[in-house]
Amino acid sequence: MTSAPALNSGLPLLSVLIFSPLVAAAGAALIGSERLLRWWTLACTTVIAAVSLPLWWNFNPATAAFQFREDHNWIPFLKIRYALGIDGISLLLVLLTTLILPLCVLASWRYITVRVKEFMICLLVMESAMVGVFCALDAILFFIFWEAMLIPMALLIGVWGGPRKVYAAIKFFIYTMAGSVFLLVALIALRLKTGSFSLEGMMGQPYGATFQLWVFAAFALSFAIKVPMFPFHTWLPAAHVEAPTAGSVILASVLLKMGTYGFLRFCLPITPHATHVFAPYLLALSAVAILYGGFTALAQSDLKKLVAYSSVGHMGFATLGIFVLNASGIEGAVLVMINHGVTTGALFICVGIIYERLHTRDLSAAAGIGKHVPVFTGFLGVFCLSSLAFPGTNSFIGEFLVLAGSFSHSKLLTICVVPGVVLAAAYMLRMLQRVAYGGTQNPDHHAIADLEFREIVTLLPLLVFVFWIGLHPQPFVHAMHATVLNLIQQVGHALPAAAAAVP
Amino acid sequence: MTLSFLQAFLPELVVLLGGLALFFVTLGESRAALARGVALATAVVALLAAVFCLRSTGVLFSGAYRVDAFSQILKVVLSAGFLAIVLLSGRLPDVRERIQPEYFLFLTISVAGLLMLVSCVDILALVIALECSSFPLYLMVPMRREREGQRSQMESAIKYIMFGVAANGIMLFGLSYLFGLTGTTSLPLMAAQLQPVLGSPLTIAGLGLAFCGLYYKLAVFPFHFWTPDVYQGASNETASLIASLPKIGAVAVLARLVSLAAPDQGTVALLLTVLAIASMLYGNLIALVQTDFKRLLGFSGIAHAGYTVVGFVTLSEAGFASSLYYITGYMLMVLACFVVISRVSRDGTNVAIEELAGLHRRSPLLALTLIVGVFGLAGLPPFVGFLGKLSILTAALAKGHLLLVVVTMVNAAIAVYYYLRVVREAIFGDPLANAAPIRLDTPTRILCVALVVAIVALGVAPATVIDALSQSIAGLNLPVAGVTP
C-alpha cells in the first residue's frame, strides 16, 4: 500500500463529501415535484455514499497519522484553519454516516408526506454537518459542524415528529446547546495555551493537572449529554419517540456517536491526566447506564421507547470500553458504536415499518403480526438478536471486546455490567416474542401487508453488515488498530509529563 | 486641498445634502412619497460614496475630525444600515402621512450625526455629533400614530429624552474632569497627557462618568431602563433604527474613550466587568418572560450590549476589534428581526410572540430571515453571532478574564431559551385562524435576502472584514495592547 497522499494534493475528497450534500440541498430547493425530490435525494445520497468508498480503499491502516489531509487558512485573526483529516476511528464513522443516509431517505419515502422539500434539505444539511464533525481537525471547525447539526435536527423532530414534537425538539436543542457552551470555553482556553485551534497541536501538550481537570470536565459535560450518559439521557427518549423514522435513525446511528467520538478525539489525547482521574466515575456512570437502560427498556410498552432505552444501554457499553483505557476496550467501543448504528438504526426502521401499517407503536397492538408478515419478522428477528449481542452477529464482537477490556481493567466492574447483557436478551426477546407470536388475544392483523421491495432494500444492507461484522470483523478492527494503539499511547505516555508540568 | 477635503468628507456631505433636500420637501404639502424617494436616494448615494471613500484619509477642521480606515469602514456599515432602515420603513404604516417627510428628515439627520461621530477625535466635536444623532430620535419616537390601546409613545418619548439628557449631562461632567486634568479637548493629546495621572481617582471618575453617555446609547446597565419601553412605544421602524445604528456609533466612540484608560490599573476593567455582567444577566433573565417581541428584543439588546462591553474589558486592540465586529453583526441580526416585525405587524402595531405563529406558512422568506436573525443572536454557527462571541471571548480569555467568559457563556445558554420560543412559534406553530399569507414587495425581498446573506457570509468568511476592522483599530494608535492576543 502506498503512503498517504501529501497535504492538499489531489482531489479534496473530504471537502467533496462535506459540501456535496449542501450542493444537493441547493438542487433540492429548486425541485417542485415531491416524487422527483425523493428520487433526487436518494440519488444524491447514494452517489455521496459511493464517493466515500475510496476512503476505505485508499486508507492506509498501518499508520495512526491523519490521512486525506486538507489544511487551508480560514480566519487568520482568530487562528482558525480549515483543517480536515481522518484516522481509523473517524474513517469508520464517516462511512457509517454516508452509507446510512440513503437508507434514511428510503425509510421516509412514505412516512413523510408534508413539506417533503424542507425535509430532504434538512437531511442533506445534517449529512454535511455530520461528516464535517468526523473530519474536522480544527477545534472551531469541529464546533461549527457540531452546532450546525442542532438546527436541522431540531427541525426534523419539531416539524415532522409525533404529538409532543415541539417539546422534544426544544428539549433536544437546549440540552445540547447547554452542553456545548463550556466546550467552547475549553477550546478557547486550549487555543490560548497552544497558540492555535489545531486539534493535533492540542494533543500531547504538558498542561497542568488542574487545567486538564477543568478542560476535561467541560468536554465531558458536552459529550456526555450527546452520548447520552446517565444522568443526562432524558432528552433522548423524548427525541427518539417523537422524531420521524429517519430522524430516529440519524439520531441513533450517527448523532449519539458524536459524544463517544468526542471522548476519543478530545478527552483522551488532549487531557490524558484528567482522563485517568475521571475514568472511574465515568466507568461507574457507564455501568449505571447499561443497567438502567436495560431495566427501563424492559418496562416499556412503546416500541420506540424500548429501542431508545436500549440505546442508553448500548452507549453505556461504548463509554465503558472507552474509559477502561486499553486496546480491546477502545476497539470494542468503536465497534459498539458502529454496531449500534447498524442495529439500532435497523430497529428504528422496523418500528417505523410497523407504525406505517398500524399507526401505533404500542407493543400490545403490534402483538402477533409475525404470522402475517413473515419477511418482516425475519428481519426483525435478526436485528433483535443482533441487539442482544447474539454470537455470530455484529454486537457480539463489540460487546465481547468491551467486556474483555473491562475484565482486564476490573473484574468487579465487569461482573456489575454482565447483568446488562442478560437484560438486553430479556427485553429484546420479550419484544420479539410479542411482535412475532403474541398471545391468545392478538388483534386482528390479517390485512397487514408484508414488506415491499423498497423496505427490503432499506433493511438488506444493514442485514449484510450485521453478519459481515459479526462473522468477519477483522477488516474493521484492522482499520482502526493503529489509531487505537496510538491513542492508548497518548493516554498513557502523557502522564509523567503532565505530572511534571508546572500548572 | 479642496478636492481631497471633499473626498474625505463625501459620505457626510451626501447625507447632509439629502437632509437639506428633505427639509425643502417638508415645506410642501403631503409629499410622503417624494420624501421616501429622496431618503432612499440619499441612502443609496451615501453607501456608494462611503464605499468610494473607503481608502480616504485626512485630518479636517483643525484636527477635530479624522478620516481614516477606522471611520471609513464604519461609515460603510452605517450607510448600509441606513439603506436597510429606509427599505424596512416602507410606507411607514404607523406614522401619519402628513408628518412622514419630517420623519425621513429626522432619520437622515440622525444618520448624519452618526457618520460624523465615528470620525470625531475631539471631545467637543464628539459631543455635538452625539447630540446631532440623538435629538432627531427623541422626536421620531412620539411621531407614532395614536390609537385605541396605543398611547404609550409619549411616555416612552419622555423617558427616552430624560434618560438621554441625563446620560449626556453625566458624560459632559466626566469629560469636564478629563479636560481639567489635561487642558485639551483633543483625544490623542488627552491620551498622552493622562498617562502620568492615570491611577488617580479623578481620572477614573472622569472616565467612568464620560462612558455613561455611550452606555445610554448602547443600553448598558444601569443606563438601560429606557430600552424596552422605547422599543415598545416607538413605531416598529423607529425602534429598528434605535436598536441598530446608534449602537455602532457608541461602540466606535467607546473604543476611543476606553483606550484612554490604558494601561489599566484594574479599576476601569473592573467597572466594565461589573457592568457587562449586570447587563447580560439583567437582559437575559428578564427577556425570558417577555410576550411582546419588541420588548424581548429590547432586553436581549441589553444583554448584547453586555457581550459587547466584554470586548472592552480587555483593553486590547483585539478586544476592541471583536466588539466592533460583534456590534456590526448585531446590527444585521437585529435588523433581520425588525424586518420580520414590521412586515408581520398589522398596520404597524406591536407584534406579540404568539402572532408569529405559523410564519413559515404565511411567508417562508420572512420565516427564514427570522430564523437566521434569531439563531444568529443566540450565537449559533454558522452565523455572525457565533464568530463575534468567539472572538470576544478569545480576547477576554487571553487577558485572563475567565470568570467573565464563563458568565458570558452561561448567559448565552440562558438566552437560547427565549430565542427558541420565537422560533417555536414561527416554525413549529400553526397560523392563527385569522392570519393571512403575507405578501412582500420587492424591496423587502431584496432586503431579507441581503440580510440573510450578510449574516451567513460574515459568519462563514469573516476574514476580510475582521482583518480590516482589526487593522483599522491598529491604525488608530490607541495606547492599548496589540491586536494579537
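Model, not experiment: these values are computed from the prediction. (Residues numbered from 1 in each chain as written. Chains lettered and ligands numbered in written order. Predicted model: local features only at pLDDT ≥ 70, side-chain atom pairs only at ≥ 80, totals over all residues. Heavy atoms only, no water.)

## Considerations on the overall build of chain A
Turning to step 1, where the next piece is worked out: Counting secondary structure elements, chain A contains 19 helices and two strands.
Turning to step 2, where the next piece is worked out: Its C-alpha radius of gyration of 22 Å places chain A within 12% of the 23 Å reference for a compact globule of 503 residues.
Turning to step 3, where the next piece is worked out: A total of 503 residues make up chain A; the buried ones form 64% of that total.
Turning to step 4, where the next piece is worked out: Within chain A, contacts between residues at least 6 apart in sequence are counted, and of these 82% link residues at least 24 apart.
Turning to step 5, where the next piece is worked out: Split by element, the accessible area of chain A, about 16500 Å² in all, is 70% carbon and sulfur.
Turning to step 6, where the next piece is worked out: Considering chain A, the positive charge centre built from 25 side chains and the negative charge centre built from 19 side chains are found 5 Å apart. (Helix = DSSP H or I, 4+ residues; strand = E, 2+ residues; numbered from the N terminus. Rg over C-alpha atoms; globule rule 2.2 N^0.38 Å. Buried < 20%, exposed > 50% of the residue type's maximum accessible area, 1.4 Å probe, protein only. Contact = heavy atoms within 4.5 Å. Areas by Shrake-Rupley, 256 points an atom, 1.4 Å probe, with all protein chains shown as cover. Lys, Arg positive; Asp, Glu negative; His and termini not counted. Charge placed at Lys NZ, Arg CZ, Asp CG, Glu CD.)

## Regarding the confidence of the model for chain A
Turning to step 1, where the next piece is worked out: Looking at chain A as a whole, the pLDDT averages 87, with 96% of positions reaching at least 70.
Turning to step 2, where the next piece is worked out: Confidence drops under a pLDDT of 50 for residues 1-5 of chain A, and excluding neighbours within four residues, the segment shows six contacts in the predicted structure. (pLDDT = per-residue confidence, 0-100.)

## Concerning unusual backbone geometry
All names here are of chain A.
Turning to step 1, where the next piece is worked out: Residue Pro228 is bonded to the preceding Val227 through a cis peptide linkage, with omega at -10°.
Turning to step 2, where the next piece is worked out: Tracing the sequence through the fold places Pro228 in the loop between helix H9 (209-226) and helix H10 (235-242).
Turning to step 3, where the next piece is worked out: A positive phi angle, near 50°, is found at Arg115, a position not held by glycine.
Turning to step 4, where the next piece is worked out: Considering the arrangement of structural elements, one finds Arg115 in the loop between helix H3 (88-107) and helix H4 (116-135).
Turning to step 5, where the next piece is worked out: You will see that His359, though not glycine, has its phi angle at about 60°, which is positive.

## Remarks on the interface of chain A and chain B
Turning to step 1, where the next piece is worked out: Every contact between the two is made by 34 residues of chain A and, on the other side, 39 residues of chain B.
Turning to step 2, where the next piece is worked out: Of the roughly 3100 Å² buried between chain A and chain B, counting both surfaces, carbon and sulfur atoms make up 87%.
Turning to step 3, where the next piece is worked out: In this assembly, chain A and chain B are joined by zero salt bridges.
Turning to step 4, where the next piece is worked out: Linking chain A with chain B are one residue pair in polar contact (both at pLDDT 80 or more), by the criterion used here.
Turning to step 5, where the next piece is worked out: Mapped by element, the contributors of at least two residues to the side of chain A that touches chain B are strand E1 (67-75), helix H5 (139-148), helix H6 (150-160) and helix H7 (165-194) of chain A. (Buried area = accessible area lost by both parts, 1.4 Å probe. Salt bridge = Lys/Arg side-chain N within 4 Å of Asp/Glu carboxyl O. Polar contact = N/O pair within 3.5 Å; in protein donor to acceptor, adjacent residues only side chain to side chain.)

## Some thoughts on helix H11 (residues 236-258) of chain B
Residue and element names in this part refer to chain B.
Turning to step 1, where the next piece is worked out: The terminal C-alpha atoms of H11, which comprises 23 residues, lie 32 Å apart, in line with the 33 Å expected from a rise of 1.5 Å per residue.
Turning to step 2, where the next piece is worked out: Considering bend angle alone, the principal kink of H11 is centred on Lys247 and spans about 25°.
Turning to step 3, where the next piece is worked out: Most of H11 is tucked away, with 23 of its 23 residues classed as buried. (Expected span 1.5 Å × (residues − 1). Bend = angle between axes of the 7 residues up to and from the residue.)

## Quick notes on the side chain of A:Thr41
Turning to step 1, where the next piece is worked out: Following the sequence through the fold, A:Thr41 ends up in helix H2 (residues 34-58).
Turning to step 2, where the next piece is worked out: In this structure A:Thr41 touches A:Val105, A:Met120 and A:Leu124, once residues within four positions along its chain are discounted.

## Considering the packing of aromatic side chains
Turning to step 1, where the next piece is worked out: If you walk through the whole model with that rule in mind, you get 46 aromatic pairs over all chains.
Turning to step 2, where the next piece is worked out: Taking 4.6 Å as the distance between ring centres and 55° as the angle between the ring planes, the aromatic pair formed by A:Phe142 and A:Phe266 counts as tilted. Placement of the pair is A:Phe142 in helix H5 and A:Phe266 in helix H11 (residues 245-270), with a sequence separation of 124 residues.
Turning to step 3, where the next piece is worked out: The exposure class of A:Phe266 is buried, given its relative accessible area of 0%.
Turning to step 4, where the next piece is worked out: Seen in terms of ring centroids, B:Tyr282 and B:Phe299 are 6.1 Å apart; in terms of plane orientation they differ by 50°. Their pairing is tilted. Of this pair, B:Tyr282 sits in helix H12 (residues 267-287) while B:Phe299 sits in helix H13 (residues 293-313), and the two are 17 residues apart along the sequence.
Turning to step 5, where the next piece is worked out: Assessed through its relative accessible area of 25%, B:Tyr282 is described here as partly exposed.
Turning to step 6, where the next piece is worked out: Taking NZ or CZ as reference, A:Arg164 lies 4.5 Å from the ring centre of A:Tyr167, over its face.
Turning to step 7, where the next piece is worked out: Over the ring of A:Phe211 we find A:Lys193, and its NZ or CZ is 4.5 Å from the ring centre. (Phe/Tyr/Trp six-rings, centres within 6.5 Å; stacked < 30°, edge-to-face > 60°. Lys NZ or Arg CZ within 6 Å of the ring centre and 35° of its normal.)

## Quick notes on the pairing of strand E2 (residues 80-86) of chain A
Residue and element names in this part refer to chain A.
Turning to step 1, where the next piece is worked out: The buried fraction of E2 is high, at six of seven residues.
Turning to step 2, where the next piece is worked out: Two strands pair when backbone bridges link them, and E1 and E2 are joined in this way by six bridges, in the antiparallel orientation. Bridging across to E2, Ile75 finds its partner in Ile80.
Turning to step 3, where the next piece is worked out: As consecutive antiparallel partners, E1 and E2 are separated by four residues, and within that stretch Lys79 has a phi angle of approximately 60°, a positive value. (Pairing = 2+ DSSP bridges.)

## Notes on the confidence of the model for chain B
Turning to step 1, where the next piece is worked out: Mean pLDDT over chain B stands at 88; residues scoring 70 or higher make up 98%.
Turning to step 2, where the next piece is worked out: At the level of individual helices and strands, chain B shows its lowest average pLDDT in strand E1 (residues 58-60) of chain B, which scores 82, and its highest in helix H4 (residues 100-117) of chain B, which scores 93.

## Points about the packing of H13(B) against helix H18 (residues 402-428) of chain B
All names here are of chain B.
Turning to step 1, where the next piece is worked out: Taken N-terminus to C-terminus, the directions of H13 and H18 make an angle of 160°; their axes are 11 Å apart at the nearest point. With respect to their mutual orientation, H13 and H18 come out roughly antiparallel. Every pair of crossing elements has a handedness; the one defined by H13 and H18 is left-handed. From H13, Phe293, Leu296, Ser300, Ala303, His304, Tyr307, Val310 and Val313 reach across to H18, where they touch Leu404, Thr408, Asn411, Ala412, Ala415, Tyr418, Tyr419 and Val422.
Turning to step 2, where the next piece is worked out: Its residues placed into classes, the contact of H13 with H18 shows twelve nonpolar, four polar and no charged. (Axes fitted to C-alpha atoms, helices over the stretch in contact; angles between N-to-C directions. Parallel < 35°, antiparallel > 145°, perpendicular 65-115°, else oblique. Left-handed = near helix turned anticlockwise from the far one by under 90°. Nonpolar A, V, L, I, M, F, W, Y, C, P; charged D, E, K, R; others polar.)

## Here's the deal with the layout of surface pockets
Residue and element names in this part refer to chain A.
Turning to step 1, where the next piece is worked out: In this structure, the largest pocket occupies an estimated 1500 Å³ of space.
Turning to step 2, where the next piece is worked out: By residue number, the principal contributor to the lining of the largest pocket is H4, which donates seven residues.
Turning to step 3, where the next piece is worked out: Residue composition of the lining of the largest pocket, by class: 34 nonpolar, three polar and three charged. (1 Å grid on protein atoms, 1.4 Å probe; cavity = no way out; pocket = protein on both sides within 12 Å on 5 of 7 lines; lining within 4 Å. Points joined across faces, edges and corners; volume = space filled by probe spheres on them.)

## So, the environment of B:Val340
Turning to step 1, where the next piece is worked out: By the secondary structure assignment, B:Val340 is in helix H14 (residues 317-344).
Turning to step 2, where the next piece is worked out: For the pair B:Val340 and B:Val407, spaced 67 residues apart in the sequence, the C-alpha separation amounts to 30 Å.

## Concerning the side chain of A:Lys257
All names here are of chain A.
Turning to step 1, where the next piece is worked out: The residue Lys257 is located in helix H11 in this model.
Turning to step 2, where the next piece is worked out: Reaching out from Lys257, the side chain makes a polar contact with the backbone oxygen of Ala252 at a distance of 2.5 Å.
Turning to step 3, where the next piece is worked out: A distance of 3.0 Å separates polar atoms of two side chains, one belonging to Lys257 and the other to His340.
Turning to step 4, where the next piece is worked out: Look past the residues within four positions of Lys257 in its chain and what remains in contact with it is Leu93, Phe134, Ala252, Met315, Met337, His340 and Gly341.

## Here's the deal with the state of the cysteines
Residue and element names in this part refer to chain B.
Turning to step 1, where the next piece is worked out: In total, this model carries zero disulfides over all chains according to the counting rule given.
Turning to step 2, where the next piece is worked out: Cys120 supplies the cysteine sulfur nearest to Cys212, a cysteine that is in no disulfide, at a spacing of 20 Å.
Turning to step 3, where the next piece is worked out: On the accessibility criterion, Cys212 (8% relative accessible area) is buried.
Turning to step 4, where the next piece is worked out: Between Cys337, a free cysteine, and Cys448, which holds the nearest cysteine sulfur, the sulfur-to-sulfur gap is 11 Å. (Disulfide = S-S within 2.5 Å.)

## Topic: the pattern of salt bridges
Turning to step 1, where the next piece is worked out: The full count for this structure, using the stated rule, is 18 salt bridges over all chains.
Turning to step 2, where the next piece is worked out: The residue B:Arg295 makes a salt bridge to B:Asp229 at a minimum N-O spacing of 3.1 Å. On the criterion of sequence distance, the pair formed by B:Arg295 in helix H13 and B:Asp229 in helix H10 (residues 226-233) is long-range, its members being 66 residues apart. For the pair B:Arg295 and B:Asp229, one class covers both residues: buried.
Turning to step 3, where the next piece is worked out: Here the salt bridges share partners, and the residues they tie into one network are A:Arg110, A:Glu356, A:Arg357, A:Glu452, A:Arg454 and A:Glu455.

## Details of H12(B)
Residue and element names in this part refer to chain B.
Turning to step 1, where the next piece is worked out: The end-to-end C-alpha distance of H12, which contains 21 residues, comes to 30 Å, matching closely the 30 Å that a straight helix rising 1.5 Å per residue would cover.
Turning to step 2, where the next piece is worked out: When we look at burial in H12, the residues that qualify are Val268, Ala269, Leu272, Thr273, Leu275, Ala276, Ile277, Ser279, Met280, Gly283, Asn284 and Ala287.
Turning to step 3, where the next piece is worked out: Against helix H9 (212-218), H11, H13 and H18 lie the buried residues of H12.

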